Structure formats: C-alpha cells, structure tokens
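If you want the building blocks of each chain, they are given just below.
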Amino acid sequence: KDLAMADTSQVVRQVQEIYMDFYALNSQLFHLNIPSCMELEAPQWDQALFTRMCEGLSSVLLAVKAAPIIAYQKNSQIAERLANDLESRMSSGNNTNGLDLF
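Residues numbered from 1 in each chain as written. Predicted model: local features only at pLDDT ≥ 70, side-chain atom pairs only at ≥ 80, totals over all residues. Heavy atoms only, no water.

A. Seen up close, unusual backbone geometry. Its identity is not glycine, yet asparagine 33 carries a phi of approximately 60 degrees, on the positive side. Turning to its location among the elements, asparagine 33 is positioned in the loop between β2 (29–31) and α2 (47–63). According to the relative accessible area criterion, asparagine 33 is partly exposed, its value standing at 47%. Even without being a glycine, lysine 65 presents a positive backbone phi close to 55 degrees. With respect to the secondary-structure elements, lysine 65 resides in the loop between α2 and α3 (77–92). (Helix = DSSP H or I, 4+ residues; strand = E, 2+ residues; numbered from the N terminus. Buried < 20%, exposed > 50% of the residue type's maximum accessible area, 1.4 Å probe, protein only.)

B. Layout of the pairing of strand β1 (residues 23–26). Pairing of β1 with β2 involves 3 bridges; the strand directions are antiparallel. Residue pairing in the sheet places alanine 24 in a bridge with phenylalanine 30 of β2. What sits between β1 and β2 in their antiparallel hairpin is a turn of 2 residues. (Pairing = 2+ DSSP bridges.)

C. Broad picture of the side chain of serine 58. Within the secondary structure layout, serine 58 lies in helix α2. Side-chain polar atoms of serine 58 contact the backbone oxygen of cysteine 54, separated by 2.9 Å. (Polar contact = N/O pair within 3.5 Å; in protein donor to acceptor, adjacent residues only side chain to side chain.)

D. Inspection of a nonpolar patch on the surface at higher detail. Together, Leu3, Val12 and Val15 make up an exposed nonpolar region whose accessible area comes to about 270 Å². Considering the arrangement of structural elements, one finds valine 15 in the loop between α1 (2–6) and β1. (Patch = residues over 30% accessible without salt bridge, like charges linked within 9 Å, V, L, I, M, F, W, Y side chains within 5 Å. Areas by Shrake-Rupley, 256 points an atom, 1.4 Å probe, with all protein chains shown as cover. Salt bridge = Lys/Arg side-chain N within 4 Å of Asp/Glu carboxyl O.)

E. Focus on the packing of α2 against α3. The interhelical angle for the contact between α2 and α3, taken along N-to-C directions, is 50 degrees, at an axis separation of 10 Å. Taken together, the axes of α2 and α3 are oblique relative to one another. The handedness of the crossing between α2 and α3 is right-handed. For the pair formed by α2 and α3, the contact residues are Gln47, Phe50, Thr51, Met53, Cys54, Glu55, Leu57, Ser58 and Leu61 on the first element and Ile78, Arg81, Leu82, Asp85, Leu86, Arg89 and Met90 on the second. Within the contact of α2 with α3, the residues separate by chemical class into 9 nonpolar, 3 polar and 4 charged. (Axes fitted to C-alpha atoms, helices over the stretch in contact; angles between N-to-C directions. Parallel < 35°, antiparallel > 145°, perpendicular 65-115°, else oblique. Left-handed = near helix turned anticlockwise from the far one by under 90°. Contact = heavy atoms within 4.5 Å. Nonpolar A, V, L, I, M, F, W, Y, C, P; charged D, E, K, R; others polar.)

F. Quick look at the nonpolar core. Core analysis: the largest hydrophobic core is formed by 12 residues, namely Phe22, Leu32, Ile34, Leu40, Leu49, Phe50, Met53, Cys54, Val60, Ile78, Leu82 and Leu86. Of all the elements in the fold, those that place two or more residues in this core are α2 and α3. At 5 residues, the largest contribution of residues to this core is made by α2. When near neighbours in sequence (up to four residues on either side) are disregarded, leucine 49 contacts Ile34, Ser36, Cys37, Glu39 and Leu40. (Core = buried A, V, L, I, M, F, W, Y, C linked by side-chain atoms within 4.5 Å.)

As far as function goes, none of this settles anything; it's purely spatial.
Now the structure itself:
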C-alpha cells in the first residue's frame, strides 16, 4: 500500500514477492549460509539448524519454480528427514493468496 501511495507517477505496474532465503552465487550455484551441518549427526540434533536447511531449500525451490524428485541414501536418517520435510512442504502447496507455488 505504501509503495502504491508513493508512486505518484503511476510507474509501478506490479509488485512481486521473491523468495530469497539463500545466496545465489551464480545461475547454477547457491549457498544457504550454513557453516556446517555436523550438528545434525547423532547423538546431537540441532532442530533450529534442520529447520533452517528446510526453509532455505524450500526457498530455492520456490525461486526456481521447481518440484524435484528427491532421492537419498537409504541409511541416511538426516537425508530422509530432510526429504520428508520438503515433500510435506511441497504437498501442502505453500498456498499464498490462493496460489499453488509448487
């Protein structure tokens, strides 16, 4: 609303929300600004770090408008949890204003 009110020349045609919870290093590479994932190995578990990883990867998927097929090693519990979380986020659609983003 503030942007629309400030546009006295009526130059702005559209405003879009861009999901950027990551750093795009180039068109093929991104970084989540997470120094290490070692805190996810047993016996310790950092739920905040795991949530950050899921949010960051969801952000990348939304930005590139992709719904990937997720594959992981069967013996990797962390990868399985991450895949399940991302699949859950994609299946729920992350509906925003009635738009199915995945």
